[in-house]
Number of protein chains: 2
Amino acid sequence: MNIYDISNKTGVSIATVSRVINGSSNVSDKTRAKVLAAIEELGYTPNVFARGLGLNTMKTIGIMCADCSDPYLARAVYYIEQELRKNSYDSLLSCTGYDHDDKEKCMTMLLSKRVDAVILVGSNYIEASEDLNKYILNAAKTVPVMFVNGELNAPNVYSTLCDDAAAIYEVTRNFIKHGKKNLVYLYNSLSYSGTRKLTGFRNALKDSGIPVQENHICLIDSHGITVQDAKEAITSLAKKGIEFDGVITSDDILAVGVLKYAKDAGISIPDDLFVAGYNNFDISECCEPELTSVDNKLESLCRHCVSTLMSVFADDKSVPKKTVFSAEIIERKTTSLTILQ
Amino acid sequence: MNIYDISNKTGVSIATVSRVINGSSNVSDKTRAKVLAAIEELGYTPNVFARGLGLNTMKTIGIMCADCSDPYLARAVYYIEQELRKNSYDSLLSCTGYDHDDKEKCMTMLLSKRVDAVILVGSNYIEASEDLNKYILNAAKTVPVMFVNGELNAPNVYSTLCDDAAAIYEVTRNFIKHGKKNLVYLYNSLSYSGTRKLTGFRNALKDSGIPVQENHICLIDSHGITVQDAKEAITSLAKKGIEFDGVITSDDILAVGVLKYAKDAGISIPDDLFVAGYNNFDISECCEPELTSVDNKLESLCRHCVSTLMSVFADDKSVPKKTVFSAEIIERKTTSLTILQ
DNA sequence: TTGTGAATTGTAAATGCTTACACCTCAGAT
DNA sequence: ATCTGAGGTGTAAGCATTTACAATTCACAA
């Protein structure tokens, strides 16, 4: 079943059939109707391969994320996929894992499938060294590369991100404003965003005239984010005799670990301890007490990323290389920040 | 950059280059090495479109799931994608939503991209009427269709699922064994699995000689699963004067709603009320008290589905049309089922 | 009637690969 | 010296589209 069958059935040439399929205007209404009827009747679908061969595009975008079982990344993938579909693009998904070589392999695979662009979801695609970014710069020579919640300044690379540092700065300032002086920052090494947020934490302390105590900054070095790891980390901190009246975390899961610790230790939240999470997902509503968190506007980020990409495809020269959104603090029961700004 | 460039560079014909690329054995070692070197040097990648045009396959599998921001489905997608990649297949993801027409459209789209198979993830692809399944049967005429956590008996359709009804049966029997007689079953209408589980609940009561009270079976009819909906549902049940000492739910999120209700109502868990969730995800560990849940072996399901698909591709005639896994009850703090079987 | 040009349609080349078939080479058997 | 066949390689025919360009039609003006 191909374009020739339609051509035979209708008596017009394949070129005209092709023109009808592609909505070209140079076809008489009569012919168009006849062809459309034949296509409908025979249930014909154009062959994407042949089409791709000529046009060198299949209207498919590669999405890379480290692990789409992570609720944050899963939501991002969801929003992006939805938005792409609206623009009649499909999504070739690649869960790369956190290993650099695997990321590179996945990129190669996506490019070999001739995707029209690549979207990198999550801050873990920001590498420390220039060298590790090479494969991304290389990809950008072929197709546009979009970062969601990440950033890279290079030709043909566009970034959409949330100012996480500013959000954590705000949270920290608010904690301090409410009398919390002994703050702990808890983050993990999976993605770069924990580090980005840390600068917000540091700056807030600095601007409040409070010295940063390095032993109050706690990095959890693990291959996944777990409640248990966070609980153990904060418990061992307490055991070392480090006192604190506020814990700010880079992820809701970590914050839940802190809540578990507090419950075991008989610490009352928010009276004796403020706790703030990040991401504002299901669990922040499920835990007890319900968790103050930060909504980092993931949906907006994703929508904006896709619409930027469409502008790039449309060859719109005024496309911003980088767009930054502001996060929003969602107060629940683990803090009492009555005069939130 | 195409196969002719490699041909020119090496002096061998494009046929030989093709043979090297495809690992054909009829090439001398010397020629192979020469071609491989040229490919490496020029950074050549075969064009998938041209290849697909000839072979009519692109080694790509379509994955349909209603909503990959749902943690359950996201995890499934993750496992499937991983497993497919191991078998050198890529994943074209389509988040279809819960609307029937949209599902059909997405299927059409996937088929038009000439995927080699379609995997339907989640029990919401089981439709009440035969008529609604037509698009699936149609797809199965072209490519194998795989159900994960769903079931359809038709040619070229393969199902992998977990015996959710049996798991809920077990949970219910255990509740009863521990003296809980007034049980409520809480489920939602999003997917068919809630209904499947309900039969397990009914059977357990029946087999225990306890009459099923229809007003103890509570269906939440909403477009998403939320803690708040569940909390309201169970609260209104209590307000109606319905007494209960155990709540069994079709999803962890719903169970958290019950926990919230109990906390507000001053009901002690598990002393006065047993609660069980389903899916055994993050939140079951995050809530307070930690939730007894059911692990429905999602990873095993997904792995099995992909390996079945590979057998189908290999034309293995002994592939089972349907495989059923057993779930496992994970006891935490919302029950005290000390003599769990 | 004939010419003009716009609208419509057809022809054929191009896209990059796989593979059936034909051909060549050369070691070893006769 | 000639034959045989296996192993290696090349030629060319698909595969299903798109599209530049050529050709045709036809309304309308001269």
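Look above for the structure.
Residues numbered from 1 in each chain as written. Chains lettered and ligands numbered in written order. Predicted model: local features only at pLDDT ≥ 70, side-chain atom pairs only at ≥ 80, totals over all residues. Heavy atoms only, no water.

Next up on the list: the protein's contact with DNA strand D. Taken together, 25 residues are adjacent to DNA strand D, and Ile3(A), Ser18(A), Tyr44(A), Ser13(B) and Thr31(B) come closest. A share of 67% of the atoms of DNA strand D within 4 Å of the protein falls on sugar and phosphate groups. For DNA strand D, a phosphate oxygen lies 2.5 Å from a polar atom in the side chain of Tyr44(A). At 3.1 Å from a phosphate oxygen of DNA strand D is found a main-chain nitrogen or oxygen belonging to Asn47(A). (Near = heavy atom within 4 Å. Polar contact = N/O pair within 3.5 Å; in protein donor to acceptor, adjacent residues only side chain to side chain.)

Moving on, we come to the protein's contact with DNA strand C. Near DNA strand C lie 26 residues; those nearest to it are Ser13(A), Thr31(A), Ile3(B), Ser18(B) and Tyr44(B). The sugar-phosphate backbone supplies 65% of the atoms of DNA strand C found within 4 Å of the protein. Between DNA strand C and Asn22(B), the relevant distance is 2.8 Å, taken from a phosphate oxygen to a side-chain nitrogen or oxygen of the residue. Here a phosphate oxygen of DNA strand C sits 3.1 Å away from a polar atom, N or O, in the main chain of Asn47(B). Residue assignment for the surface near DNA strand C shows that the elements contributing at least two residues are α2 (14-21) and α4 (48-55) of chain A together with α1 (3-10), α2 (14-21) and α4 (48-55) of chain B. (Helix = DSSP H or I, 4+ residues; strand = E, 2+ residues; numbered from the N terminus.)

Let's shift gears to the pairing of strand β4 (residues 145-148) of chain B. On a regular strand, each side chain points to the face opposite its neighbour's, so the side chains alternate between the two faces of the sheet. Residues and elements named next belong to chain B. The two faces of β4 match: Val 145 and Phe 147 on one face and Met 146 and Val 148 on the other face are all buried. When strand β3 (residues 117-121) meets β4, the two strands line up parallel, connected through four bridges. Within β4, the position partnered with Leu 120 by the bridge is Phe 147. Note on the crossover from β3 through helix α7 (residues 134-142) to β4: the handedness is right-handed. Here four bridges tie β4 to strand β5 (residues 157-162), and the two strands are oriented parallel to one another. Pairing of Met 146 across the sheet is with Tyr 158, part of β5. (Buried < 20%, exposed > 50% of the residue type's maximum accessible area, 1.4 Å probe, protein only. Pairing = 2+ DSSP bridges. Right-handed = clockwise from strand over helix to strand, strands pointing away.)

To continue, consider the relation of the copies chain B and chain A. Laying chain B over chain A is done by rotating through 180 degrees and shifting 0.0 Å along the axis; what remains is an RMSD of 0.1 Å. Given the turn and translation reported, the copies of this chain are related as if by a two-fold rotation axis. Of the residues that chain B buries at the interface, 100% are likewise interface residues in chain A, meaning the two copies contact each other through the same surface. (Least-squares fit on C-alpha atoms with pLDDT ≥ 70 in both. Contact = heavy atoms within 4.5 Å.)

Strand order across the open sheet formed by twelve strands is β11(A)-β5(A)-β4(A)-β3(A)-β1(A)-β2(A)-β2(B)-β1(B)-β3(B)-β4(B)-β5(B)-β11(B), with mixed pairing between neighbours. The open sheet has two edge strands with one neighbour each: β11 (322-325) of chain A together with β11 (322-325) of chain B. Each strand of the sheet is rotated relative to its neighbour by a mean of 20 degrees, with strand direction disregarded. Pairing of strand β1 (residues 60-65) of chain A with strand β3 (residues 117-121) of chain A, which is carried by five bridges, proceeds in the parallel orientation. What sits directly across from Cys65(A), in β3(A), is Val121(A). Relative to β4(B), α7(B) is tilted by about 130 degrees, and along the sheet it contacts β1 (60-65), β3, β4 and β5 of chain B. (Axes fitted to C-alpha atoms, helices over the stretch in contact; angles between N-to-C directions.)

By size, the foremost hydrophobic cluster in this structure holds 66 residues, and its most contacted members are Ile80(A), Leu84(A), Ile119(A), Ile80(B), Leu84(B) and Ile119(B). Contacts of Ile119(B), omitting those with residues within four sequence positions, involve Ile61(B), Gly62(B), Ile63(B), Met64(B), Ile80(B), Leu84(B), Met146(B), Val148(B), Cys305(B) and Leu309(B). Ala255(A), Leu186(B), Leu237(B) and Leu259(B) belong to the second largest nonpolar core, which has 54 residues in total. (Core = buried A, V, L, I, M, F, W, Y, C linked by side-chain atoms within 4.5 Å.)

Take the sheet that holds strand β9 (residues 274-276) of chain B next. All names here are of chain B. Pairing is parallel in the open sheet, where four strands are placed in the order β7-β6-β8-β9. The open sheet has two edge strands, β7 (217-220) and β9, and neither has a second partner. Neighbouring strand axes in the sheet, compared pairwise and without regard to direction, differ in orientation by 15 degrees on average. Inspection of the sheet shows strand β8 (residues 246-249) paired to β9 by three bridges, in the parallel sense.

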